[in-house]
Amino acid sequence: MPSREEIVTFDDSPPPPGQSPWVSTGPSTLVDVVDYDPAWPETFATIAATIRSALGWRAIVVEHVGSTAVPGLPAKPVIDIDLTVADPADEAAYVPALEAVGFELRVREPWWYQHRVLRADEPRCHVHVFGFDSPELVKHRIFRDWLRGNPEERERYAQVKREASAASTAAGEDAMAYNARKEQVVREIYDRAFRATGLR
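If you're wondering where the values come from, they're calculated on a predicted model, not measured in any experiment.

Give me the lowdown on the overall build of the protein, citing residues and values where you can.
Secondary structure summary: the protein contains 6 helices and 5 strands in total. Counting helices and strands in the order they occur from the N terminus, the protein gives α-α-β-β-α-β-β-β-α-α-α. For a compact globule of 200 residues, the expected C-alpha radius of gyration is about 16 Å, and the protein comes in at 16 Å, within 12% of that figure. Taking the principal axes of its C-alpha atoms as reference, the protein extends roughly 40 × 40 × 35 Å.

What follows is the structure in structure tokens.
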């Protein structure tokens, strides 16, 4: 299991020299933020059922994370999912089965907790694959639950998301640049959540 230090620390290291995380195309150009859609939880449930049907018991946990998992929070209309598997490096154990039901492997980061990302377009989603010992799984749950339980933080984050979306759209930036624009506020929210939980 991840240590407390691993959970509260952010690894911003760049990819190793000569390495790229992108399997096919680069980062998404979708930076539009829309009002919260009450249908998002049901959309997640549909995607999760597809993943579980494809992988069976190899899908240890399938969890709705990110902004679409927070009622009332505006978000990009893309469902973010954390998929926990025994070994993300063993792509043969899950990637072909997910590709067979419409997912595409887009990101491979063996240097960062063996992270993989698969995406699908209908419904639109990103599936983040981690091992059961990854601190990112804990981070994502804490951030989601903190926003669910703290309306002021949710409103603060909603404002910065809309501002970042507008600025990135005007500048013709991609989703990575959009994320960078809101990173400081995200880290500040994480810090308060970590302190509230006693982790920091």
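Moving on from the model shown.
Tell me about helix α2 (residues 40–55), residues and numbers included.
Across its 16 residues, α2 extends 22 Å between first and last C-alpha, which sits within 8% of the 22 Å expected from 1.5 Å per residue. On its buried face, α2 is in contact with β1 (61–65), β2 (79–85), α3 (95–99) and β5 (124–131). Taken from the residues just after α2, G56 is the one with a positive phi, measuring 60°.

Describe a nonpolar patch on the surface, listing the residues and the values that go with them.
A contiguous nonpolar patch, built from M1, I60, V61 and F132 and spanning about 450 Å² of accessible area, is present on the exposed surface. The class of V61 is partly exposed, set by a relative accessible area of 36%.

Before we move on, could you go through the sheet that holds strand β3 (residues 104–109) and cite the residues and values that matter?
If you walk across this open sheet you meet the 5 strands as β1-β2-β5-β4-β3, and the pairing is mixed. Of all the strands in the sheet, the pair left with one neighbour each is β1 and β3. Put simply, the sheet's adjacent strands are angled 25° from each other on average, direction ignored. Here α2 sits on the sheet and contacts β1, β2 and β5; the angle it forms with β2, its principal contact strand, is near 30°. Together, β1, β2 and β5 form the strand contacts of helix α4 (residues 135–149), whose direction differs from that of β1 by roughly 40°.

Any chance you could break down the side chain of H64 for me, citing the residues and the numbers?
Mapped onto the fold, H64 is located in strand β1. There is a polar contact of 2.9 Å between the side chain of H64 and the side chain of T68.

Give a detailed account of the packing of aromatic side chains, specifying residues and quantitative values.
All chains considered together, the criterion is met by 8 aromatic pairs. Three or more aromatic residues joined by ring pairs form one cluster here, namely F10, F143, Y157, Y190 and F194. The ring centre of F10 lies 4.1 Å from the NZ or CZ of R187, which sits over that ring.

Scoring rules and cut-offs
- Residues numbered from 1 in each chain as written.
- Predicted model: local features only at pLDDT ≥ 70, side-chain atom pairs only at ≥ 80, totals over all residues.
- Heavy atoms only, no water.
- Helix = DSSP H or I, 4+ residues; strand = E, 2+ residues; numbered from the N terminus.
- Rg over C-alpha atoms; globule rule 2.2 N^0.38 Å.
- Expected span 1.5 Å × (residues − 1).
- Contact = heavy atoms within 4.5 Å.
- Patch = residues over 30% accessible without salt bridge, like charges linked within 9 Å, V, L, I, M, F, W, Y side chains within 5 Å.
- Areas by Shrake-Rupley, 256 points an atom, 1.4 Å probe, with all protein chains shown as cover.
- Salt bridge = Lys/Arg side-chain N within 4 Å of Asp/Glu carboxyl O.
- Buried < 20%, exposed > 50% of the residue type's maximum accessible area, 1.4 Å probe, protein only.
- Pairing = 2+ DSSP bridges.
- Axes fitted to C-alpha atoms, helices over the stretch in contact; angles between N-to-C directions.
- Polar contact = N/O pair within 3.5 Å; in protein donor to acceptor, adjacent residues only side chain to side chain.
- Phe/Tyr/Trp six-rings, centres within 6.5 Å; stacked < 30°, edge-to-face > 60°.
- Lys NZ or Arg CZ within 6 Å of the ring centre and 35° of its normal.

Honestly, that's just the spatial picture; any functional story needs more than this.
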